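The primary structure of each chain is shown beneath.
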Amino acid sequence: AMGTYRSPAVALMPDVTVKPLRSKGNAIINLMGALGGVFTLAVTGMLMGTQADGRPDYQPLFIAVSALMVVAVLILLFFVKENKLAAEAARINEELDAANPEQAASGDDHSMGSLSPEMRRSLMLILASVFFWFMGYNAVTTSFTKYVSVRWNYDLAAASRCLMVGTVAAVLSYLPVGMLSSRFGRKCIIQIGVIVLALAFAAAACFANFSVAMYGVFALVGMAWAMINVNSYPMVVEISKSGDVGKY
């Protein structure tokens, strides 16, 4: 169900956005996703109650998040005129291709096989890296509230605050990370982010009990995640051709 909701929404961006603005469009997608995460963590801290038998009551949290998703769909339905925007974007993209024929798609072959062996190897390695760091990051962040509750026997609200600190730190890091990437290169910044992320998670695993220092650890997690996530999309898009950027 989430795939049918999320994937078309993300795929909509390159369809209705002209080429020079697609990287900014992706940054806005990341920002909005992060704000949605902040909202969820905030309502988790405010609305999580306890049932009569002592178990957590998740119903208010699910209602709040579901309501936000419904509102988002209604905004999309009434304010985003997809066909009109897509036609306008296609017209502008054709003009850009005509003005810059060297950047336009060459022929009709946009398959993986049309890439050189070096570019194909780079693409596979980038996609594998994306797969593994999302697996690692989501494994930790998804299970962290359970870890705090079971391992540390501590308040779930504190776990939500840690995750919120990480999300806010990521949002605040997007612009500085973009500037650093322009200066030192995307690959270098991604590598630094992976190292910092691994060290931060390793440090968190060393805590026997909850500590306020965890907020600092998750601030590092957020900054490291921004270093990784902001740069991976442009690296993949640069390998693609203008005619298949949406697929990539």
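What you see is a predicted model; the values in this text were computed from it and never measured.

Engineer: Would you explain the nonpolar core in this entry?
Structural biologist: Generally speaking, nonpolar side chains in soluble globular proteins are found buried as a group. Among the nonpolar cores identified, the biggest contains 23 residues, and Phe144, Leu197, Met214, Phe218 and Val221 are the most heavily contacted of them. Of all the elements in the fold, those that place two or more residues in this core are helix H5 (117-150), helix H6 (156-184), helix H7 (186-205) and helix H8 (213-239). Ranked by the residues each element gives to this core, the list is headed by H8, at 7 residues. Counting 7 residues, the second largest nonpolar core, distinct from the first, contains Ala34, Ala170, Tyr174 and Ile189.

Engineer: Looking at this model, I keep getting lost on the packing of H5 against H7. Mind explaining?
Structural biologist: Think of two packed helices as two axes; the pair is described by the angle between the axes and how far apart they sit. At a closest axis distance of 12 Å, the pairing of H5 and H7 adopts a crossing angle of 25°. With respect to H7, the element H5 is oriented roughly parallel. Regarding H5 and H7, the two cross each other, and that crossing is left-handed. On the side of H5, the interface is formed by Trp133, Gly136, Tyr137, Val140 and Tyr147, while H7 contributes Ile190, Val194, Leu197, Phe201 and Ala205. Grouping the constituent residues of the contact of H5 with H7 by class yields 9 nonpolar, 1 polar and no charged.

Conventions adopted
Residues numbered from 1 in each chain as written. Predicted model: local features only at pLDDT ≥ 70, side-chain atom pairs only at ≥ 80, totals over all residues. Heavy atoms only, no water. Core = buried A, V, L, I, M, F, W, Y, C linked by side-chain atoms within 4.5 Å. Buried < 20%, exposed > 50% of the residue type's maximum accessible area, 1.4 Å probe, protein only. Helix = DSSP H or I, 4+ residues; strand = E, 2+ residues; numbered from the N terminus. Axes fitted to C-alpha atoms, helices over the stretch in contact; angles between N-to-C directions. Parallel < 35°, antiparallel > 145°, perpendicular 65-115°, else oblique. Left-handed = near helix turned anticlockwise from the far one by under 90°. Contact = heavy atoms within 4.5 Å. Nonpolar A, V, L, I, M, F, W, Y, C, P; charged D, E, K, R; others polar.

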